[in-house]
Protein chains: 2
Amino acid sequence: MPAERIRDHAVPVAAARRRLLRADRARQLADLLRHQVRTGGFPGGALPLEGAIGEEYRVSRNTVRQALDLLRTEGLIERQPGVGTVVVSEKYSHGLDRLQGLAETLHEHGDVTNEVRTVGPVTAPAPVARRLGLGEHSDVLCIERLRRLNGLPLSLDLTYVPMDLGTGLLGCDLEHTDVFRLLETLAGQPLGTAEITLEAVNADAHSAAVLEAPRGSAVLMLERLTHLADGRPVDLEFIRFRGDRIAMSGLLHRAL
Amino acid sequence: MPAERIRDHAVPVAAARRRLLRADRARQLADLLRHQVRTGGFPGGALPLEGAIGEEYRVSRNTVRQALDLLRTEGLIERQPGVGTVVVSEKYSHGLDRLQGLAETLHEHGDVTNEVRTVGPVTAPAPVARRLGLGEHSDVLCIERLRRLNGLPLSLDLTYVPMDLGTGLLGCDLEHTDVFRLLETLAGQPLGTAEITLEAVNADAHSAAVLEAPRGSAVLMLERLTHLADGRPVDLEFIRFRGDRIAMSGLLHRAL
């Protein structure tokens, strides 16, 4: 530590400032490239050569390298010897404009399968009972699923459902069907609205292991309380999406 | 590494399974407590004693301890000697239901101030020019701001604005006013819609330092292309929210 401090002091101010500016520019470039990765902007998943990127964005090759390093750390791209830099993790968009299950949303991209890790009735913790409009100490069905798209882990979902619908869910094909679809069939009416909250959290060791992601990797966490069309809350969920595989997109309006 | 593997093999299967179940339960408890932290569910910011939490949620004290550890790692709570466990980081909700600037959204919580780190014209990188509907090699105003609420860093925002509006922005009070509000004044019309994408990413070293957050901490990243009411795109932004301080909330509808 002292050695590093001494070295830092020895660096001329101008050089330190240059390094700082480069870090800013690298992040700014990484943000633009990330958008292209996410929207399929690199045909065949191959990124241009460093020199070409530098020319297009009018930045030095060192800045390009640092930007690519950032995206590599995020697990989006990789440098492959003899091939160049390629996109290795496709990022899928989950809609913010409409309430949809994962399989519904991603049906164009492949098959969503669910590994059911836990399923069974539990006594609802007080906040769960409250939010689902149930009496204290009511039972709820608790389901934990690891959800995969074409075999790759996407999310770890914990779901609480009131037992009148939960009992029916126990007999359903939870491995291949969205809970949303099953609930609509069992309730005989469509879903209505859902209150959602999105947060970014670092994956704890256990969640990371289940999602096959590095420990501490950023997770997009979705908390969702879904109501039937008649207004009754029937589905409280805590969903951890792998940050490198899922983004949420939508359209906001200025006027209410 | 080999030592650890040996030790793992030596653990009886039942004990390993117990540990796994406890990790699941701890995460599930942490999710419920996180909701209460975020929604002000602990009066005075003080969490109940471990024993009381265990009783309410019907889990062991070890599970409670592990859940509190998870929330402490996320920077939401802290154990204070002689006081107990307290909420240390308030988490603010940014709306997904309406397009609003940060100061507009958080005005009830205090003053948003912006430290302008960069402001000036740059040649628009090709994807920026394209998305803002500008000709190749047009200039855009590039603004980077560190945004604080009551002095605490909340987000690092990079903004690109076409120069016809950008020149006007240069003379405005960017330190105390949302760009949204300034754009509406300069353009003489309200904003219309914005296409947004939310992602969870790990903060790179430099962003983390600017946001005064631990390196690698989860960041809620918002990419937003905002249009005037007449449809013209005028504001492309890349915003990094500190994951421990901002969540995005809204209401989704099942029917379109």
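If you look chain A up in an unreviewed UniProt entry, it shows as GntR family transcriptional regulator from Streptomyces achmelvichensis.

Chemist: So what's going on with the overall build of chain A? Which residues, and what values?
Modeler: Helix and strand content of chain A: nine helices and ten strands. At 23 Å, chain A has a C-alpha radius of gyration far larger than the 18 Å of a compact globule built from 256 residues. Here the C-alpha coordinates of chain A stretch approximately 70 × 45 × 45 Å along the principal axes. For chain A, buried positions account for 53% of its 256 residues. Within chain A, counting contacts between residues at least 6 apart in sequence, those at least 24 apart form 61% of the total. Charge separation in chain A, taken as the distance between the mean sites of 31 positive and 34 negative side-chain charges, equals 11 Å.

Chemist: Mind laying out the packing of aromatic side chains, listing which residues take part and the relevant values?
Modeler: All names here are of chain A. Counting across every chain of the model gives two aromatic pairs over all chains. When the ring of Tyr160 is compared with that of Phe238, the centres are 6.4 Å apart and the planes differ by 85 degrees; the resulting orientation is edge-to-face. Here Phe238 lies in strand S9 (residues 233-242) and Tyr160 lies in strand S6 (residues 152-162), a separation of 78 residues in the sequence. Assigned by exposure class, Tyr160 and Phe238 land together as buried.

Chemist: Account for the side chain of Gln36 of chain B, with residues named and values stated.
Modeler: Within the secondary structure, Gln36 of chain B sits in helix H2 (residues 13-38). Under the relative-accessibility criterion, Gln36 of chain B is labelled buried at 11%. Excluding anything up to four places from it in sequence, Gln36 of chain B contacts Pro127 and Arg130 of chain A together with Gly41, Phe42 and Tyr57 of chain B.

Chemist: Before we move on, can you summarise the relation of the copies chain B and chain A with the specific residues and values?
Modeler: Expressed as a screw operation, the relation of chain B to chain A combines 0.0 Å of axial shift with a rotation of 180 degrees, fitting to an RMSD of 0.0 Å. On this basis, the relationship between the two copies can be described by a two-fold rotation axis. When the interface residues of chain B are mapped onto chain A, 100% of them again fall at the interface, so both copies present the same face.

Chemist: Any chance you could break down the interface of chain B and chain A for me, citing the residues and the numbers?
Modeler: On the side of chain A, 74 residues touch chain B, which itself brings 73 residues to the contact. A per-residue breakdown of the area chain B buries against chain A is headed by Arg27, Leu252 and Arg254 of chain B, which together make up 15% of the total. On the surface where chain B and chain A come into contact, there are 16 salt bridges. Across the pair Glu199 of chain A and Lys91 of chain B runs a salt bridge whose closest N-O atoms are separated by 2.5 Å. Taken together, chain B and chain A are joined by 48 residue pairs in polar contact (both at pLDDT 80 or more). When residues in the side of chain B that touches chain A are grouped by element, the largest group, twelve residues, is from strand S7 (residues 191-202) of chain B.

Chemist: Can you break down the environment of Gly110 of chain A residue by residue, with the values?
Modeler: Among the structural elements, Gly110 of chain A can be located in the loop between helix H5 (102-106) and strand S4 (112-123). Those residues in contact with Gly110 of chain A that sit more than four places away from it in its chain are Leu149 and Asn150 of chain A.

Chemist: How would you sum up the packing of helix H7 (residues 163-170) of chain B against helix H8 (residues 179-187) of chain B? Please name residues and give values.
Modeler: All names here are of chain B. At their nearest, the axes of H7 and H8 sit 10 Å apart, and the two run at 110 degrees to each other. Between H7 and H8, the angle is such that the two are roughly perpendicular. By crossing handedness, the relation of H7 to H8 is classed as right-handed. Across from Leu165, Gly168 and Leu169 in H7, the residues of H8 making contact are Val179, Leu182, Leu183, Leu186 and Ala187. Looking at the contact of H7 with H8, its residues break down into seven nonpolar, one polar and no charged.

Chemist: Summarise the nonpolar core; cite the residues concerned and give the values.
Modeler: Counting residues in each nonpolar core, the largest one holds 66 residues, and the members touching the most others are Leu169 and Leu198 of chain A together with Leu169 and Leu198 of chain B. Discounting residues that sit within four places of it in the chain, Leu169 of chain B has contacts with Leu141, Ile143, Val161, Leu174, Val179, Leu182, Leu183 and Leu186 of chain B. Within the second largest apolar cluster, 34 residues are counted, among which are Ala30 and Leu70 of chain A together with Leu158 and Phe238 of chain B.

Analysis parameters
- Residues numbered from 1 in each chain as written.
- Chains lettered and ligands numbered in written order.
- Predicted model: local features only at pLDDT ≥ 70, side-chain atom pairs only at ≥ 80, totals over all residues.
- Heavy atoms only, no water.
- Helix = DSSP H or I, 4+ residues; strand = E, 2+ residues; numbered from the N terminus.
- Rg over C-alpha atoms; globule rule 2.2 N^0.38 Å.
- Buried < 20%, exposed > 50% of the residue type's maximum accessible area, 1.4 Å probe, protein only.
- Contact = heavy atoms within 4.5 Å.
- Lys, Arg positive; Asp, Glu negative; His and termini not counted.
- Charge placed at Lys NZ, Arg CZ, Asp CG, Glu CD.
- Phe/Tyr/Trp six-rings, centres within 6.5 Å; stacked < 30°, edge-to-face > 60°.
- Least-squares fit on C-alpha atoms with pLDDT ≥ 70 in both.
- Buried area = accessible area lost by both parts, 1.4 Å probe.
- Salt bridge = Lys/Arg side-chain N within 4 Å of Asp/Glu carboxyl O.
- Polar contact = N/O pair within 3.5 Å; in protein donor to acceptor, adjacent residues only side chain to side chain.
- Axes fitted to C-alpha atoms, helices over the stretch in contact; angles between N-to-C directions.
- Parallel < 35°, antiparallel > 145°, perpendicular 65-115°, else oblique.
- Left-handed = near helix turned anticlockwise from the far one by under 90°.
- Nonpolar A, V, L, I, M, F, W, Y, C, P; charged D, E, K, R; others polar.
- Core = buried A, V, L, I, M, F, W, Y, C linked by side-chain atoms within 4.5 Å.

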